[in-house]
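Next come the chains, spelled out residue by residue.
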Amino acid sequence: MLIRRSTICCARALRLSTHHHPIPMAVPSPLSTHLKPFSSFCHLFPCDHDFKLFPHFLSSSCFASPLSSLSSPKPNRRSKSPVAAALLEIGGVKIAKDDVVRESDPTNNVPDNIFSKIGLQLHRRDNHPIGILKNAIYDYFDSNYASKFVKFDDLCPIVSVQQNFDEVLVPADHVSRSYNDTYYVNADTVLRCHTSAHQAELLREGHSHFLVTGDVYRRDSIDSTHYPVFHQMEGVRVFSPDEWKDSGTDATSYVAMDLKKCLEGLARHLFGAVEMRWVDTYFPFTNPSFELEIYFQENWMEVLGCGVTEQDILTRNGRKGSVAWAFGLGLERLAMVLFDIPDIRLFWSTDQRFTSQFSEGKLGVKFKPFSKFPPCYKDISFWISDSFTENNLCEVVRGVAGDLVEEVKLIDNFTNKKGMTSQCYRIAYRSTERSLTDEEINQLQWNVRETVQSKLYVTLR
Ligand code: FA5
Ligand code: MG
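None of these values were measured; they are calculated from a predicted model.

Caption draft 1: Molecular detail of helix α12 (residues 390-401). Between its terminal C-alpha atoms α12 stretches 16 Å, which fits the 16 Å expected from 12 residues at 1.5 Å a residue. In terms of burial, α12 is a largely internal element, 10 of the 12 residues being buried. Taken together, the buried positions of α12 are occupied by Glu390, Asn391, Asn392, Leu393, Cys394, Glu395, Val396, Val397, Arg398 and Ala401. Positive phi shows up at Gly402, right after α12, with a value of about 55°.

Structure, rendered in structure tokens:
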């Protein structure tokens, strides 16, 4: 079976399928199987994004720092159609669609359907499962740490490459930096792929206990636990030497123990009894590093990553001599367990039959499914080209079918004597809200085939 997991840690670097581009840089996680070397920098949709025409970068001062107080709307650099783009405002930063989606710019790979999620901030809605969960986690930290944790939930998701990667020590050649995995606004600016993007800046500002909740963005595979926009909560706690000096153990072990105790306590606070396990892992920004998995729908599901902060991060940000822990929770994954929500797409549903089931402060409510329509499966086979990646395929399928696609799964992969590789993917179409007609699905599949052929340089079989 193909195991697909998305992570900024080793599992992300060591993509487990044969058609990704893992960098063999990390220690294998217990779940990893075969690895393939990183072949080349991933090119997104070669026909649109020709890297030979590497462009002038349109850098935008309003993206310089989401924490800075830049709030004046940015003038359109190119005079475009007179249609006024709606301005979003997040954390004091004004964002126009033209700033984020630029089809003709080869350094930009943000599609419309991703832009349309920016600013929705499900985590700030008290009646939404993600907001209810955020508040429950806040309660846990407030009551266990005497409200010491400072909370941020409105930091702009458009951040610099420096914030998202450099400041948390993500190596220059790490696969998560590629256009295949991350949404780039331009060569220096991304949609944050994790809330860790804010760690360094908040440490520099002097915070020692903080929680950052926000929407994060990743080009990723498609199934019931992966979505290209999801929500994370980052937690950081900095310890000073007098907190561990009498513990009889070294600082790192003391902090690692405290971290696990804190997160196990959180899991008990949220779930009561639940089957969970710790898995050793690798992140560039923590050492040692761990993931917590919870047993859900007959599988182990990874719900968070965490670890003891690398000394370099503390030293560079004015915390020399301290030790810290950090974690990043996947809020959708936790909410799926908590509310029994079977599919990650449901979080975006505006159907009353979904939204009316949740209300502020009500944690234990179990979701009652209102649609049990069977999925419809369609296969697509093609000879791949060197630049083909599964993430690019998923992006095309999402672009055509939106949330009507439930899963994209590699079911066959072979290389012939001439060295040509053929892959077959099974696409599951299913609406969470209504039944789909054969005609509608055939049309979607037809459009997918056309777009795959024209954008991904593959030869359909
Ligand atoms: C990170 O993003 C690290 N920044 C977490 C961290 C923070 C580690 C601080 C150490 C210290 P990872 O890529 O594993 O790690 O993602 C964290 C969680 O986000 C996962 O455990 C999972 O619950 C969730 N997640 C990852 N990808 C997706 C996705 N495509 N859809 C939904 N949830 C996801
Ligand atoms: Mg992970």
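Caption draft 2: Structural detail: the environment of Tyr179. Following the sequence through the fold, Tyr179 ends up in the loop between α5 (161-164) and β5 (184-186). By relative accessible area, Tyr179 is classed as buried at 4%.

Caption draft 3: Here's a closer look at the pairing of strand β12 (residues 323-330). The element β12 is extensively covered by neighbouring structure, given that 8 of its 8 residues are classed as buried. Burial of β12 is two-sided: the residues Val323, Trp325, Phe327 and Leu329 facing one way and the residues Ala324, Ala326, Gly328 and Gly330 facing the other way are all buried. Sheet topology places strand β8 (residues 229-239) next to β12; 8 bridges connect them, and they run antiparallel. Bridge assignment links Arg237 to a residue of β12, and that residue is Trp325. Relative to β12, strand β11 (residues 299-309) runs antiparallel, the two sharing 5 bridges.

Caption draft 4: Expanded view of the sheet that holds β5. Taken together, the 3 strands give an open sheet; going across it, the order is β4-β6-β5, and neighbouring strands pair in antiparallel fashion. Each having just a single partner strand, β4 (158-160) and β5 make up the two edges of the open sheet. Strand after strand, the sheet turns through a mean of 35° between neighbouring axes, direction not considered. Note: β4 against strand β6 (residues 189-191), 3 bridges, orientation antiparallel. Of the residues in β6, the one forming a bridge with Ser160 is Thr189.

Caption draft 5: View of the pattern of salt bridges. For the structure shown, the criterion picks out 21 salt bridges. Note that Lys97 is salt-bridged to Asp112, the shortest N-O span being 3.2 Å. With Lys97 in helix α2 (residues 97-100) and Asp112 in helix α3 (residues 112-115), this residue pair connects regions lying 15 residues apart in the sequence. Lys97 sits in the partly exposed class, given a relative accessible area of 32%. For Asp112, a relative accessible area of 45% translates into the label partly exposed. Note that Arg192 and Asp215 form a salt bridge whose closest N and O atoms lie 3.2 Å from each other. With Arg192 in the loop between β6 and α6 (199-204) and Asp215 in strand β7 (residues 209-217), this residue pair connects regions lying 23 residues apart in the sequence. Take Asp215: its relative accessible area is 3%, and that puts it in the buried class. Bridged by salt links that share partners, the residues Arg124, Lys134, Asp153 and Asp154 form one connected network.

Caption draft 6: Structural context of empty space enclosed by the protein. As enumerated under the stated definition, the model contains 4 cavities of 30 Å³ or more in all. Along its surface, the largest cavity is lined by 30 residues, and Arg218, Phe230, Gln232, Glu302 and Gly328 are the ones closest to its centre. Elements with a contribution of two residues or more to the lining of the largest cavity: β8, β11, β12 and α10 (331-339).

Caption draft 7: Expanded view of the sheet that holds strand β13 (residues 376-383). One open sheet holds the 4 strands; their spatial order is β14-β15-β13-β16, and the pairing between them is antiparallel. If you trace the sheet from one side to the other, it starts and ends with β14 (405-415) and β16 (459-460), each paired once. The pairing of β14 with strand β15 (residues 421-429) spans 9 bridges and is classified as antiparallel. Within β15, the position partnered with Val408 by the bridge is Ile427. Strand contacts of α12: β13, β14 and β15, with the helix running at about 145° to β14, the strand carrying the most contacts. In the packing of helix α13 (residues 438-456) onto the sheet, contacts are made with β13, β15 and β16, and the angle to β13 comes to roughly 20°.

Caption draft 8: Focus on the nonpolar core. Counting residues in each nonpolar core, the largest one holds 70 residues, and the members touching the most others are Val100, Phe141, Leu191, Trp325 and Leu329. It is helix α8 (residues 251-271) that provides the largest number of residues to this core, a total of 10 residues. By size, the runner-up hydrophobic cluster in this structure holds 25 residues, among which are Phe165, Tyr179, Val190 and Ala324.

Caption draft 9: Spotlight on the pairing of β11. Across the 11 residues of β11, 9 count as buried, placing the element largely inside the fold. The sheet contact formed by strand β10 (residues 286-296) and β11 spans 9 bridges and is antiparallel. Of the residues in β11, the one forming a bridge with Tyr295 is Trp300. As consecutive antiparallel partners, β10 and β11 are separated by 2 residues, and within that stretch Gln297 has a phi angle of approximately 50°, a positive value.

Caption draft 10: Layout of unusual backbone geometry. In this structure, the amide linkage connecting Asn287 to the following residue, Pro288, adopts the cis form with an omega of 0°. Of note, Pro288 is situated in strand β10. Non-glycine residue Glu298 carries a positive phi angle of around 60°. Position of Glu298 among the secondary structure elements: in the loop between β10 and β11. Glu298 gets classed as exposed once you look at its relative accessible area, which sits at 69%.

Basis of the calculations
Residues numbered from 1 in each chain as written. Chains lettered and ligands numbered in written order. Predicted model: local features only at pLDDT ≥ 70, side-chain atom pairs only at ≥ 80, totals over all residues. Heavy atoms only, no water. Helix = DSSP H or I, 4+ residues; strand = E, 2+ residues; numbered from the N terminus. Expected span 1.5 Å × (residues − 1). Buried < 20%, exposed > 50% of the residue type's maximum accessible area, 1.4 Å probe, protein only. Pairing = 2+ DSSP bridges. Axes fitted to C-alpha atoms, helices over the stretch in contact; angles between N-to-C directions. Salt bridge = Lys/Arg side-chain N within 4 Å of Asp/Glu carboxyl O. 1 Å grid on protein atoms, 1.4 Å probe; cavity = no way out; pocket = protein on both sides within 12 Å on 5 of 7 lines; lining within 4 Å. Points joined across faces, edges and corners; volume = space filled by probe spheres on them. Contact = heavy atoms within 4.5 Å. Core = buried A, V, L, I, M, F, W, Y, C linked by side-chain atoms within 4.5 Å.

Remember that the coordinates give geometry; whether it matters functionally is a separate question.
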